[in-house]
Amino acid sequence: MSESRIKVPAGGQKIVPGQPTPDNPIIPFIEGDGIGVDITPVMIKVIDAAVAKAYGGRRRIHWMEVYAGEKSVGLYGPDQWIPQETFDALKEYSVSIKGPMTTPVGGGIRSLNVALRQELDLYQCLRPVRYFKGVPSPLKDPSKTDMVIFRENTEDIYAGVEWQADSDAAKKVIRFLQDEMGVTKIRFPQNCGIGVKPVSVEGSSRLVRAAIRYAIDNDRKSVTLVHKGNIMKFTEGLFRDVGYQVAKNEFGAQPIDGGPWCSFQNPATGREIVIKDAIADAFLQQILLRPAEYDVIACCNLNGDYISDALAAQVGGIGIAPGANISDKYACFEATHGTAPKYAGLDKVNPGSIILSAEMMLRHLGWREAADLVIKAVEAAIGDKVVTYDFARLMDGATEVGCSAFGDAMIARM
Ligand SMILES: NC(=O)C1=CN([C@@H]2O[C@H](COP(=O)(O)OP(=O)(O)OC[C@H]3O[C@@H](n4cnc5c(N)ncnc54)[C@H](OP(=O)(O)O)[C@@H]3O)[C@@H](O)[C@H]2O)C=CC1
Ligand SMILES: O=C(O)CCC(=O)C(=O)O
Ligand SMILES: [Mg+2]
């Protein structure tokens, strides 16, 4: 067995799911590829400052670096993209945060992000999309965009069950489909890549259940099931049907005007929560034209990927789009964006997405005061027009600063 590269920080304590967060939690972090080297240290500095200010030294995060992606291969050797001890640490310490990781297009390794989500069964990809005053946006009134995406994170066509064109495996699957399943619709069977889209009742129900619970806990007005069930009837259509069943069977939702939309009263607030659905293409134009009609969004994996970046753009772009991957036991926070390789190491990009992901992590830990300080600092820096290049290029009179200087500008405003 190879030597451990992970150094457990002295003086820290493990977070145990279901128990109160200790004042000195150990939090594993993956720096990430590309711009990970820029944004991750800034995130740590900003979060440490917020925690110190909020709790005056009574609480402190003990950061523990764990490795994945290119840095891991450099340290552990060839093909060690996610060493076993990284998986083990993410489970053992239960709450973590990660920078982005590269996935090559076409050939090469499969997504490490997807591998991690599947291994930890992080089935909820939770991505809140809200507007910060002063952020440049392509919309006339971006404040009307206030949505929370619940994207199924472990299955769908995104999960990587596919075979390369001309491979023996692809030919075998095509022969099976033609000879044993009576499939006649594969247009060019001779040299055809094949992908499989698994969407299960269990996977869909638990995701929609989490979205509805979130709507109850956060007094939201609707949950929209976004799908392409008119075309992919037994996968996307299943997701929609299962979503309505969960609303009716588990939350007592009643049909509105004969259905399929339905609603129930929030047991905590008495306010009505409407469960509705939208076909993905129509949804993508409506979020631009009528964003106020949408609130909590539940969808399959690939749709959620597209919707995340599209909605992020409406409120200023993926420089400020946070997220969390959550299971019933573990949580791993990460930005919506990727490694933006052309900016790697330039100290240029917006660290806002990973900082706001860490803000979600603070709330998850129950450290509300520190989380509030992070929000206050983001709002104040943007309000003073001290911003990174992505916002500065669209704002009049902005002071453009680098990644680390934006973090410092936040800290100065806490
Ligand atoms: N969770 C993860 O780890 C994810 C990983 N990826 C991976 O990342 C790699 C690169 O993907 P790519 O398609 O280029 O998408 P990216 O999200 O990495 O970047 C696309 C563009 O978004 C803008 N952008 C991204 N991050 C920031 C930021 N922090 N601040 C300001 N602007 C930002 C930049 O726009 P501009 O050029 O206009 O300045 C950038 O060129 C791929 O290997 C992909 O698989 C992708 C998504 C998620
Ligand atoms: O894993 C990847 O490379 C891409 C992931 C992604 O785009 C996402 O999760 O939003
Ligand atoms: Mg994406």
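Sequence positions are assigned chain by chain, starting from 1 and proceeding in written order. For this description, chains carry letters from A and ligands carry numbers from 1, given in the order in which they are written. For a predicted model such as this one, the threshold for reporting local features is a pLDDT of at least 70, and the threshold for listing and counting side-chain atom pairs is 80 or more; totals across whole chains, interfaces and linings nevertheless cover every residue. The basis for every side-chain value is the complete set of non-hydrogen atoms in the structure, without hydrogens or water.

Some points on the UniProt feature "domain: Isopropylmalate dehydrogenase-like" (unreviewed entry) in the chain
Now for step 1: UniProt positions are given in the numbering used here, feature names are shortened, and annotations may be inferred rather than shown by experiment. According to UniProt, the positions carrying the feature "domain: Isopropylmalate dehydrogenase-like" (unreviewed entry) are residues 26–410.
Now for step 2: Working definition: helices are DSSP H or I runs of at least four residues, strands are E runs of at least two. Numbering for both runs from the N terminus. Helix makes up 41% of residues 26–410 and strand 17%. Its end C-alpha atoms lie 24 Å apart.

Looking at the site of ligand 2
Now for step 1: All residues adjacent to ligand 2 are Thr103, Ser111, Asn113, Arg117, Arg127, Arg151, Tyr158 and Asp305.
Now for step 2: In protein, a polar contact means a hydrogen-donor-capable atom and an acceptor-capable atom, both N or O and within 3.5 Å, with residues adjacent in sequence counting only if both atoms are side-chain atoms; elsewhere, any N or O pair within 3.5 Å suffices. Residue Arg127 places a side-chain N or O atom 3.1 Å away from an oxygen atom belonging to ligand 2.
Now for step 3: Taking Tyr158, its side chain carries an N or O atom lying 3.4 Å from an oxygen atom of ligand 2.
Now for step 4: Computed with a 1.4 Å probe, the accessible areas rest on the Shrake-Rupley method; for each residue, only the protein chains presented here act as cover. In the complex, the protein chains occlude 77% of the 290 Å² of accessible area that ligand 2 would expose alone.
Now for step 5: The classification used treats Ala, Val, Leu, Ile, Met, Phe, Trp, Tyr, Cys and Pro as nonpolar, Asp, Glu, Lys and Arg as charged, and all other residues, Gly among them, as polar. Looking at the shell around ligand 2 residue by residue, the class counts come to one nonpolar, three polar and four charged. One heavy atom within 4 Å of a molecule or strand makes the whole residue count as near it.

Considering the site of ligand 1
Now for step 1: Close contacts around ligand 1 come from 24 residues, with Gly338, Ala340, Lys342, Tyr343 and Tyr389 the closest.
Now for step 2: At 2.7 Å from an oxygen atom of ligand 1 is found a main-chain nitrogen or oxygen belonging to Ala340.
Now for step 3: A total of 870 Å² of accessible area belongs to ligand 1 in isolation, and the protein chains cover 72% of it.
Now for step 4: If you list the elements that add at least two residues to the shell around ligand 1, you get α4 (112–119) and α12 (389–392).
Now for step 5: Each residue belonging to the shell around ligand 1 can be placed in one class, and the counts come to nine nonpolar, nine polar and six charged.

With respect to the nonpolar core
Now for step 1: Put simply, buried Ala, Val, Leu, Ile, Met, Phe, Trp, Tyr and Cys residues joined by side-chain atoms within 4.5 Å make one nonpolar core. Think of it in three bands: residues with accessible area under 20% of the maximum for their type are buried, residues over 50% are exposed, and the middle band is partly exposed, with areas taken using a 1.4 Å probe on protein chains only. Trp63, Ile212 and Ile275 are the most contacted members of the largest nonpolar core, which has 84 residues in total.
Now for step 2: Looking at this core element by element, the count peaks at 10 residues for helix α1 (residues 36–55).
Now for step 3: Between two residues, a contact is recorded if the distance between any of their heavy atoms is within 4.5 Å. Every residue in contact with Ile275, bar those within four places of it in the chain, is listed here: Ile212, Val223, Leu225, Tyr244, Ala247, Trp261, Cys262 and Phe264.

A few points about the packing of α1 against helix α11 (residues 368–383)
Now for step 1: An axis is simply a line fitted to the C-alpha atoms; with a helix, the fit covers only the stretch in contact. Between two such axes, the angle follows the N-to-C directions and lies from 0 to 180 degrees. Relative orientation of the contacting elements α1 and α11 amounts to 125°, with a least axis distance of 8 Å. Comparing the axis directions of α1 and α11 gives the class oblique. α11 is crossed by α1, and the crossing has right-handed handedness. Facing α1, whose interface residues are Ile47, Ala50, Val51, Lys53, Ala54 and Tyr55, α11 presents Arg368, Glu369, Ala370, Leu373 and Val374.
Now for step 2: Looking at the contact of α1 with α11 residue by residue, the class counts come to eight nonpolar, no polar and three charged. The labels follow the angle: roughly parallel below 35 degrees, roughly antiparallel above 145, roughly perpendicular from 65 to 115, and oblique for the rest. Handedness of a helix crossing follows the sense of rotation of the near helix relative to the far helix, less than a right angle counterclockwise being left-handed and clockwise being right-handed.

Overview of the packing of aromatic side chains
Now for step 1: Any two of the Phe, Tyr and Trp rings considered here, Trp counted by its six-membered ring, make a pair once their centres fall within 6.5 Å; the pair's planes then place it as stacked at under 30 degrees, edge-to-face at over 60, or tilted in between. One pass over the structure, following the stated rule, counts seven aromatic pairs.
Now for step 2: With a centroid separation of 6.3 Å and 80° between ring planes, the pair formed by Phe29 and Trp63 is classed as edge-to-face. Placement of the pair is Phe29 in strand β1 (residues 26–30) and Trp63 in strand β2 (residues 62–65), with a sequence separation of 34 residues.
Now for step 3: Among the residues examined, Phe29 registers a relative accessible area of 10% and is labelled buried.

Here's the deal with the pattern of salt bridges
Now for step 1: Each reported salt bridge corresponds to a side-chain nitrogen of Lys or Arg within 4 Å of a carboxyl oxygen of Asp or Glu. Considering all chains together, one arrives at 25 salt bridges under this definition.
Now for step 2: The salt bridge partner of Asp281 is Lys228, with a shortest N-O separation of 2.8 Å. In this pair, Asp281 is assigned in helix α8 (residues 280–289) and Lys228 in the loop between β8 (222–227) and α7 (236–251), connecting sequence segments 53 residues apart.
Now for step 3: Linking Asp372 and Arg363 is a salt bridge whose minimum nitrogen-to-oxygen distance equals 2.9 Å.
Now for step 4: A relative accessible area of 34% means that Asp372 is categorised as partly exposed.
Now for step 5: Taken together, the shared-partner salt bridges connect Glu31, Glu65 and Lys71 into one network.

A closer look at the confidence of the model for the chain
Now for step 1: A score from 0 to 100, pLDDT tells how confident the predictor is in each residue. Summing up the model confidence of the chain, the mean pLDDT is 97 and the portion of residues at 70 or higher is 100%.
Now for step 2: Both confidence scores are given for the complex: pTM 0.98, ipTM 0.99.

Things to note about the side chain of Glu85
Now for step 1: With respect to the element layout, Glu85 can be found in helix α3 (residues 84–92).
Now for step 2: Charged-residue counts in this description rest on Lys and Arg as positive and Asp and Glu as negative, His and the chain ends being excluded. Arg5 provides the closest opposite charge to the buried, unpaired Glu85, separated from it by 6.0 Å.
Now for step 3: Among the polar contacts made by the side chain of Glu85, one reaches the side chain of Tyr76 at a distance of 2.5 Å.
Now for step 4: Sequence-distant contacts of Glu85, that is, excluding residues within four places in its chain, are made with Glu3, Ser4, Arg5, Ile6 and Tyr76.

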